[in-house]
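So the chains spell out like this:
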Amino acid sequence: MDLTTATLDPALAVVELERRLALGTDPSDVHAALEAGAAGLVVVDSRSEQAWAQGHVPGALHLPTALIASRATDLVPTGTVVVTYCWGPGCNGATRAALAFARLGFAVREMWGGIEYWTREGFGVEVDGVVTAGAPDPLTAPLGRGAACGC
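The structure presented is a predicted model; accordingly, all values stated were derived computationally and were not measured.

Draft legend 1. Examining the nonpolar core more closely. Residues I68, V82 and F101 are the most contacted members of the largest nonpolar core, which totals 13 residues. Those elements that place two or more of their residues in this core are β2 (41-45), α4 (65-75) and α5 (93-103). Setting aside residues no more than four positions away along its own chain, I68 makes contact with L63, A97, A100, F101 and L104. If you look at the next biggest cluster of nonpolar residues, it comprises 12 residues, including V57, Y85, I115 and F123.

Draft legend 2. Geometry of the packing of aromatic side chains. One pass over the full model with this rule turns up two aromatic pairs. Ring centres of F101 and F106 lie 5.4 Å apart, and the angle between their planes is 80 degrees; this geometry places the pair in the edge-to-face category. We classify F101 as buried; its relative accessible area is 0%. On the basis of an interplanar angle of 55 degrees and a centroid distance of 5.0 Å, the ring pair of W118 and F123 is categorised as tilted. We note that W118, like F123, is buried. Its guanidinium or amino end placed over the ring of W87, R47 lies 4.6 Å from that ring's centre, counting from NZ or CZ. Over the ring of Y117 we find R120, and its NZ or CZ is 4.7 Å from the ring centre.

Draft legend 3. Quick look at the pattern of salt bridges. Considering all chains together, one arrives at four salt bridges under this definition. R19 is paired through a salt bridge with E16; the nearest N and O atoms lie 2.7 Å apart. Taken together, the residues span about one helical turn, with R19 and E16 both in helix α1 (residues 10-23) at a distance of three residues. Ionic contacts of the salt-bridge type, sharing partners, join the residues E116, R120 and D137 into one network.

Draft legend 4. The environment of G40, seen in detail. One can find G40 in the loop between α2 (27-35) and β2. In this structure G40 comes out as partly exposed when scored by relative accessible area, which is 42%. With sequence-adjacent residues up to four places away left out, G40 is seen in contact with T80 and V81.

Rules and cut-offs
- Residues numbered from 1 in each chain as written.
- Predicted model: local features only at pLDDT ≥ 70, side-chain atom pairs only at ≥ 80, totals over all residues.
- Heavy atoms only, no water.
- Core = buried A, V, L, I, M, F, W, Y, C linked by side-chain atoms within 4.5 Å.
- Buried < 20%, exposed > 50% of the residue type's maximum accessible area, 1.4 Å probe, protein only.
- Helix = DSSP H or I, 4+ residues; strand = E, 2+ residues; numbered from the N terminus.
- Contact = heavy atoms within 4.5 Å.
- Phe/Tyr/Trp six-rings, centres within 6.5 Å; stacked < 30°, edge-to-face > 60°.
- Lys NZ or Arg CZ within 6 Å of the ring centre and 35° of its normal.
- Salt bridge = Lys/Arg side-chain N within 4 Å of Asp/Glu carboxyl O.

The following block contains the structure:
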């Protein structure tokens, strides 16, 4: 493929890129929303019990994908914006979970990168009620207190 020639109509690119941004978000934006106490937002970890026990986003709701259809409406208030996540970019679990929530009528976004990139950006992970955070990976997050990628 020759990347120096445009093969896609820019108007089509706008539609596709706007769609992707409407359906996804990144760990940094989720972290910022949680820190700001965003009302009407629920972060859902769609992984197994064993995966949840290894560590999860503090304050997340644990609801494995297979249980969303039967339990979501009892656990998540109508009108809530749901952000789903799973392991990482090599896993489609968050996508499948987001689809299950969308089928129930919830506004939903998928957190790109999952718990892997949440952790790599240096955000806290909860295990047995204790939250710990490691140093950010310099290949995924800018280093330094209050540093931002600027994108």
